[in-house]
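Structural characterization, general
Each chain, letter by letter, is given below.
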2 protein chains.
Amino acid sequence: MPDYKAPVRDIQFVINEVLESEKLYQTLPGLEEATEDLMSAIVEEGARFAESVIAPLNRSGDEEGCTWSEDGVATPAGFKEAYRQYVDNGWPALSADSHYGGQGMPSLLGIVMNEIAGTANWSWVMYPGLSHGAVNTVEAHGDEDQKQKYLTKLISGEWTGTMCLTESQCGSDLGLLRTKAEPQADGSYAITGTKIFISAGEHDMTENIVHIVLARLPDAPEGTKGISLFIVPKFNVNEDGTVGERNAVHCASIEEKMGIHGNATCVLNFDGARGFLIGPPNRGLNAMFTFMNTARIGTATQGLAHAELSFQGALAYAKERLAMRSLTGPKNPDGPADPIIVHPDVRRMLLTQKAFAEGSRAFLYYLAQQGDIVANGNEEQAKAADDLMALLTPIGKAFVTEVGFESANLGLQVFGGHGFIREWGMEQIVRDARIAMLYEGTTGIQALDLVGRKVLGSGGKLLLGFTSVVDEFCAANSGAEYEEFIKPLQAYSKEWLDLSMKLGEAAMENPDNAGAGAVDYLMYSGYVTLAYFWARMAILAQQKIAAADGDVSFYEAKLMTARFYFDRLLPRTESLKTTMLAGADSLMAMPEALFQL
Amino acid sequence: MPDYKAPVRDIQFVINEVLESEKLYQTLPGLEEATEDLMSAIVEEGARFAESVIAPLNRSGDEEGCTWSEDGVATPAGFKEAYRQYVDNGWPALSADSHYGGQGMPSLLGIVMNEIAGTANWSWVMYPGLSHGAVNTVEAHGDEDQKQKYLTKLISGEWTGTMCLTESQCGSDLGLLRTKAEPQADGSYAITGTKIFISAGEHDMTENIVHIVLARLPDAPEGTKGISLFIVPKFNVNEDGTVGERNAVHCASIEEKMGIHGNATCVLNFDGARGFLIGPPNRGLNAMFTFMNTARIGTATQGLAHAELSFQGALAYAKERLAMRSLTGPKNPDGPADPIIVHPDVRRMLLTQKAFAEGSRAFLYYLAQQGDIVANGNEEQAKAADDLMALLTPIGKAFVTEVGFESANLGLQVFGGHGFIREWGMEQIVRDARIAMLYEGTTGIQALDLVGRKVLGSGGKLLLGFTSVVDEFCAANSGAEYEEFIKPLQAYSKEWLDLSMKLGEAAMENPDNAGAGAVDYLMYSGYVTLAYFWARMAILAQQKIAAADGDVSFYEAKLMTARFYFDRLLPRTESLKTTMLAGADSLMAMPEALFQL
């Protein structure tokens, strides 16, 4: 496993220089304390913690995995102790509501810490990470009593939380779910059903676990309009907030998986477990949509994390491993061969990883910052930011996890045959990264959300909201020295709108045309979105270099990576724009009966 | 793990209808017995064996893996017994030289059986599969005594063979290898060194293993021109052919790997082991090149195998799994939701797998058939076929394994979250498939071979050899009814030459431009090559449909898959043609020192 070194300089570059966060947070009531100095210090402290405490457990956690017994789930050696330190240092509370014990830092910092800790050890970070869904649910929809009872403990990290959605017969299609909630005389509900794929659903890290469970009331309508949300604690909570008797929710088994072995993926049986309605009845899915974006940005971070970690491993190897001579003559004439970083194809792989990791970092931090504007800005600001998030979140989730998986594979490939061997740790990154395109909505589901609900569903308005951000940026940087980035970006901004209109027209003729082009449309959108962030970073770097401001070599590397992105990765749009408009005919022509072996 | 059902109909379609093998083999001395009836019968028998004996060991072999002890390596339960049946049924001898006990069938059938058995269980098929390298080496370069002693036993399958190339400091760059061969008084050599990544290097299936070892004589020149080949048996062989005393070659350990757990990847220590020179001294690499193509076609088959197996699993799931309604209205109105095969994006994934598997099958069988022409045709035929193989083998190896891995991942994706869970077997296919882009020359190495040695190295002649085959096919099918395939194919044939010339010019300016574009050039070449085979299959299908000849539904499915390929996969060339010519600047500009964390 590569020794993880948190890219502190790059993280600070995005927070402070690209996104000018201090300036923004000075204008957002409640976030004024988030100064550049404070945020930088938090990042450095988080990096130290992740590198020294969590990263060393990454490979051992994969090897050991979790262990199920009737008494519960044991996490891999060291996980529990690391979590204790994490709580003692106050990390769970970092970006949480200060009324309930949170430190009230921007949610941007929460995503940053998710990246840093998650790159160190994704299996580990999922234990505290899954709490966010529960925190958001109780924060947005709980009553004061529920907040005092559950939210404070979730925020402090004394307890963790889960989201219990999936059942064996339904994942993407939650309308099919069957778990029942029967009203009890005391106002509670008896929850009965089986949930699967519950990440961190059972573990030995905390004395209690707060499950947020989707279930149906007896009189609920069928489909997605009959789903309600319930709080179901593992241990019932006494009135004084202490942990009481065991609730009737048990982990029946944990899954054997391709990766993230250190995280317990649980089958949870609810056998008339005591639950409490949260939010209005039958409006559970709507309630969840209010924070779906946040959860998806968190999952998107996994793509970034695995691109970064795989890049770090591949870069170190490419500088050390000797094989063959450079095509332009020996670069290491005294050695038996040149380090493989001299070979253009090895650089292609490294730069692809680097461009995806750094571009995704800017993209996802920007998205997280929009979340802060939604939460703390005035109405007009919040509306605009919410619209941007609505459009960009499915792109971020699907695109970043797809290119993250590609990057993880490229890192393995740089190692040649050694990449396939476990001890190097590169194959674990690929196995761990693979889940990200599946959970929290597959790539296909994100693409349907983007095309159907967001772009066409808004009549193009949400897309126009973002392309006008892009266009304003282009207009503000119209100097000849920035032309190499601005000119193509302007063209893409226009083309993106054109293609969206064409896809919309095709969808009017036949809705399957939208489904047929959705993933390619999403990937196209991802490449263009990343081009915007790369252009922003490149121009900033050019300005810093021109002003000889700071560590010029950092900015030079940034500028060259931007050029690589525009030169070698952005042209992937050319094929995507053909295939997204190819229509559904070649997909749907074959009768199902002809699909046979 | 999907229940494997060998695609017998499709295999016979390619052998008999697309490649018209009987007609060809009637003209090749020594292969006249390979009639359509006989070949079809062999395929059916092979399918039965693979489905019933080998396939059931695929998942258990992955779970159990191999076990090392000082006494050797134990293969997973059932592997040994299956191998015994395989030998008893005469499969190892299928396409081997009849002078040494082989059945003298075309090597095409060897590749077909490699596909069938390998799709059933790739880890298992590598045990007999690795013998081919040893068989080819002894057949081509051994003296009569060596042939009698080793070749007969390898061909019968009584013993297996290995190829011992890699050492820890060298994989792609064999010039760095250090294993030594000291001449002994009796004419043998004492072999000393450590080899790694030796697939099937030690196991419990046969009483002896014949290692072909690359090593250096004491006076050998440095680099690749000082490598010789040696036969090093695990047990010395007595003059009467029986197994004698243990030789000084031992398996020090086996690797923990991402996949192919059922196959032992060995570290082999040679401690003055008794070896015998095979072929001329210092010409070992040249000797190996004579059959490198065959070995690479075998490895390419893995891409096809895993695309096929993943497709079979995904197809069955897509027909059963219910989620959401079709965008064009319910297709399963009486059920709670529609089967997911109604969704265009699910079909996109399934058809991508299907198009890659079936297209690769035609491509690789064609390549194997060229091998038969090289071996059994007259001088002129052999030269032309050898040229085609030289060009197409690196494309086949790299392209088919790349799209095979993509297909394996798409199959997992069709399963949603269930794809990540081991019990379904879809994630094993991804893990197993990942090695194929690494061993037998990585994708990057194949690309350099294609661009440097084959296309530019022949001044374009090898490429012209294949594009004229394509052009002749287009000219012979110029009817309007075939235009949808022929018109684009003609344009691609021309464009491929144009792009090659441009890449050649760029390489003259700076050799790094060739390295920078090599992988994209190779992938472009792969898409165009597959387009040729899809056009051949599509037109044949059109003719059969028009003539109402045979099972029309089979031909309709074939034709529709061809349309999908041209519509949705072939346009990937558009981006590749831009990026292959983007040059090395954006890759090489960054000084190595700026590549830092």
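Residues numbered from 1 in each chain as written. Chains lettered and ligands numbered in written order. Predicted model: local features only at pLDDT ≥ 70, side-chain atom pairs only at ≥ 80, totals over all residues. Heavy atoms only, no water.

1. So, the interface of chain B and chain A
Contacts between the two partners involve 95 residues from chain B, matched on the other side by 95 residues from chain A. When the two sides are added together, the surface that chain B and chain A hide from each other amounts to roughly 8500 Å², 64% of it contributed by carbon and sulfur. When the buried surface of chain B facing chain A is broken down by residue, Phe420, Phe595 and Leu597 of chain B rank first, second and third, together holding 10% of it. Counting across the chain B and chain A interface gives two salt bridges. When the shortest N-O distance is used, the salt bridge between aspartate 520 of chain A and arginine 568 of chain B registers 2.9 Å. Run the count over chain B and chain A and you get 33 residue pairs in polar contact (both at pLDDT 80 or more). Here the side of chain B that touches chain A gets nine residues from one element, more than from any other, and that element is helix H18 (residues 552–569) of chain B. Split by residue class, the side of chain B that touches chain A holds 44 nonpolar, 26 polar and 25 charged. (Contact = heavy atoms within 4.5 Å. Buried area = accessible area lost by both parts, 1.4 Å probe. Salt bridge = Lys/Arg side-chain N within 4 Å of Asp/Glu carboxyl O. Polar contact = N/O pair within 3.5 Å; in protein donor to acceptor, adjacent residues only side chain to side chain. Helix = DSSP H or I, 4+ residues; strand = E, 2+ residues; numbered from the N terminus. Nonpolar A, V, L, I, M, F, W, Y, C, P; charged D, E, K, R; others polar.)

2. Considering the domain arrangement of chain A
Quite often, the size of an interface is put as the accessible area lost when its parts meet. Residues and elements named next belong to chain A. What the domain assignment reports for chain A is domain 1 (8–156), domain 2 (161–282) and domain 3 (458–586). Averaged C-alpha coordinates put domain 1 and domain 2 at centres separated by 23 Å. Interface area, domain 1 with domain 2, both sides summed: about 2800 Å², of which 64% is carbon and sulfur. Remark: the boundary between domain 1 and domain 2 carries one salt bridge. For the interface between domain 1 and domain 2, the tally reads 13 residue pairs in polar contact (both at pLDDT 80 or more). When residues of the side of domain 1 that touches domain 2 are traced back to their parent elements, those giving at least two are helix H4 (58–64), strand E1 (67–69), strand E2 (72–74), helix H5 (79–88), helix H7 (122–129), helix H8 (131–141) and helix H9 (144–156). If one sorts the elements of the side of domain 1 that touches domain 2 by residue count, H8 sits on top with six residues. Looking at side-chain class alone, the side of domain 1 that touches domain 2 contains 16 nonpolar, twelve polar and six charged residues. (Domains from an automatic or database assignment.)

3. Brief notes about unusual backbone geometry
With the exception of glycine, most residues fall at negative phi, and the peptide bonds are largely trans. Backbone geometry places asparagine 282 of chain A, a non-glycine residue, at a positive phi of 65°. In this model, glutamate 440 of chain B sits at a positive phi of 60°, which is unusual for a non-glycine residue. Following the sequence through the fold, glutamate 440 of chain B ends up in the loop between helix H13 (426–434) and helix H14 (443–456).

4. Side note on the relation of the copies chain B and chain A
After a rotation of 180° and a shift along the axis of 0.0 Å, chain B superposes on chain A with an RMSD of 0.0 Å. Overall, the copies show the geometry of a two-fold rotation axis. Rotation axis and chain B: the residue whose C-alpha lies nearest the axis is serine 575 of chain B, separated from it by 2.7 Å. (Least-squares fit on C-alpha atoms with pLDDT ≥ 70 in both.)

5. Considerations on the side chain of aspartate 345 of chain A
Among the structural elements, aspartate 345 of chain A can be located in helix H11 (residues 344–376). Here arginine 348 of chain A takes part through its side chain, which lies 2.6 Å from a polar atom of the side chain of aspartate 345 of chain A. Beyond its immediate sequence surroundings of up to four residues, aspartate 345 of chain A is in contact with Gly444, Gly515 and Val519 of chain B.

6. Notes on the pairing of strand E11 (residues 265–278) of chain B
Residue and element names in this part refer to chain B. As judged from the nine bridges shared by strand E5 (residues 189–199) and E11, these two strands associate in the antiparallel manner. Considered in E11, the bridge of glycine 193 is made with phenylalanine 270. Bridging between strand E7 (residues 228–233) and E11 involves three bridges; their strand directions are antiparallel. Bridging across to E11, isoleucine 231 finds its partner in phenylalanine 276. Two strands pair when backbone bridges link them, and strand E10 (residues 249–254) and E11 are joined in this way by five bridges, in the antiparallel orientation. Following the sheet pairing, isoleucine 254 is matched in E11 by cysteine 266. (Pairing = 2+ DSSP bridges.)

7. Regarding the environment of lysine 461 of chain B
Residue and element names in this part refer to chain B. Relative to the elements of secondary structure, lysine 461 occurs in helix H15 (residues 461–476). Judged by its relative accessible area of 65%, lysine 461 falls in the exposed class. C-alpha separation for the pair lysine 461 and leucine 391, spaced 70 residues apart in sequence, amounts to 9.7 Å. (Buried < 20%, exposed > 50% of the residue type's maximum accessible area, 1.4 Å probe, protein only.)

8. Regarding the environment of methionine 163 of chain B
Residues and elements named next belong to chain B. Within the secondary structure, methionine 163 sits in strand E3 (residues 160–164). Owing to a relative accessible area of 15%, methionine 163 belongs among the buried residues under this scheme. Linking methionine 163 and alanine 541, residues 378 residues apart in sequence, is a C-alpha distance of 41 Å. Contact partners of methionine 163, with chain neighbours within four places excluded, come to Gly133, Ala134, Thr137, Ile198, Ile212, Met288 and Phe291.

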